[in-house]
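Results of the structural survey
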Amino acid sequence: MNNKRMFSIYPNTMGFGFVVLSEKGEIIDYGVVSIHPVSNELCLKRIKEIVSYYRPEILIVEDYEESYKSARVKNLIAEICNYCKEKLKIFKYSRDEIRNVFDVFGARNKYEISKKISEAYPQLKSKLPEKRRTWEPENYYQGIFDAMSLVLTHYYLKG
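Here's what I pulled together on the structure shown here. (Residues numbered from 1 in each chain as written. Predicted model: local features only at pLDDT ≥ 70, side-chain atom pairs only at ≥ 80, totals over all residues. Heavy atoms only, no water.)

Of note, the bond from His36 into Pro37 is cis; its omega dihedral lies within 30 degrees of zero at -10°. By the secondary structure assignment, Pro37 is in the loop between β3 (27-34) and α1 (40-54). Located in the positive-phi region is Arg55, a residue other than glycine, with phi close to 45°. Along the polypeptide, Arg55 turns up in the loop between α1 and β4 (58-62). (Helix = DSSP H or I, 4+ residues; strand = E, 2+ residues; numbered from the N terminus.)

Structural data, given as structure tokens:
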């Protein structure tokens, strides 16, 4: 563990999923924030509230530059990083880095990664999404597991 409070954010089409971890690596808070209608300004306002309340020292986000994210989500991640750059140490990890880390543990897709996360953090089991079929939309709670996958990738790569 790195003994610093961490905040991981995973923006999606509805808003964002997040987790806040204590200095000991325990989950303090987690959730999905839906913004209607979705706007970066409102997402950023909620993120600022979370940062102000929990005062994390590390921010973990997806490395969006090479991703297939929408322009709105890429802009939101850039705005989050810009807001936090003077307050927090920022780490970015790509989807490929996340997949490579979880592949070591036999998890090769979002569902398998989410299952591994819920095994490590049993308090998230009630939010574990069912296995998604190709034509189904992503589960509402998937953003929590996506944010947590960033945290575990950080632990694995930065130890």
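Now, onward.
The sheet built from 5 strands is open, its strands ordered β3-β2-β1-β4-β5 with mixed pairing. Each edge of the sheet is formed by a strand with only one pairing partner; in this case those strands are β3 and β5 (89-93). The sheet shows a mean angle of 15° between the axes of neighbouring strands, direction not considered. With 3 bridges joining them, strand β1 (residues 6-11) and β4 adopt parallel strand pairing. Following the sheet pairing, Met6 is matched in β4 by Ile58. (Pairing = 2+ DSSP bridges. Axes fitted to C-alpha atoms, helices over the stretch in contact; angles between N-to-C directions.)

Locating Asp146 in the fold gives a position in helix α5 (residues 142-158). Once residues lying within four places of it in the same chain are set aside, the contact partners of Asp146 are Tyr10, Arg95, Lys110 and Glu138. (Contact = heavy atoms within 4.5 Å.)

Helix length check: α5 (17 residues) gives 24 Å between terminal C-alpha atoms against 24 Å at 1.5 Å per residue, within 8%. Burial analysis of α5 places 14 of its 17 residues in the buried class, which makes it a mostly covered element. (Expected span 1.5 Å × (residues − 1). Buried < 20%, exposed > 50% of the residue type's maximum accessible area, 1.4 Å probe, protein only.)

Scanning all chains against the criterion turns up 5 aromatic pairs. On the numbers, 4.8 Å between centres and 90° between planes, the contact of Tyr53 with Tyr54 is edge-to-face. Between the aromatic rings of Tyr140 and Tyr141, the centroid separation amounts to 5.1 Å while the plane-to-plane angle is 85°, which identifies the pairing as edge-to-face. Of the aromatic side chains, those joined through ring pairs into one cluster are Phe7, Phe16 and Phe18. Stacked on the ring of Tyr83, the Lys or Arg Lys87 has its end atom at 4.4 Å from the ring centre. (Phe/Tyr/Trp six-rings, centres within 6.5 Å; stacked < 30°, edge-to-face > 60°. Lys NZ or Arg CZ within 6 Å of the ring centre and 35° of its normal.)

Turning our attention to the pairing of strand β2 (residues 15-21). Where burial is concerned, most of β2 is hidden: 7 out of the 7 residues are buried. Bridging between β1 and β2 involves 6 bridges; their strand directions are antiparallel. Bridging from a neighbouring strand, Tyr10 pairs with Gly17 of β2. Between β2 and β3, which follow one another and run antiparallel, lie 5 residues, and Gly25 among them has a positive phi close to 85°.

Take the nonpolar core next. Membership of the largest hydrophobic core comes to 26 residues, with the highest contact counts inside it found for Leu21, Phe102, Ile117, Tyr121, Leu124, Met148 and Val151. Of all elements in the fold, only β1, β2, β3, β4, β5, α3 (95-103), α4 (110-120) and α5 reach the threshold of two or more residues within this core. Here this core takes 8 residues from α5, the largest share from any one element. Those residues in contact with Tyr121 that sit more than four places away from it in its chain are Leu21, Gly25, Ile27, Met148, Leu152 and Tyr155. Formed by 23 residues, the second largest nonpolar core is a distinct cluster that contains Phe16, Val61, Cys81 and Leu88. (Core = buried A, V, L, I, M, F, W, Y, C linked by side-chain atoms within 4.5 Å.)

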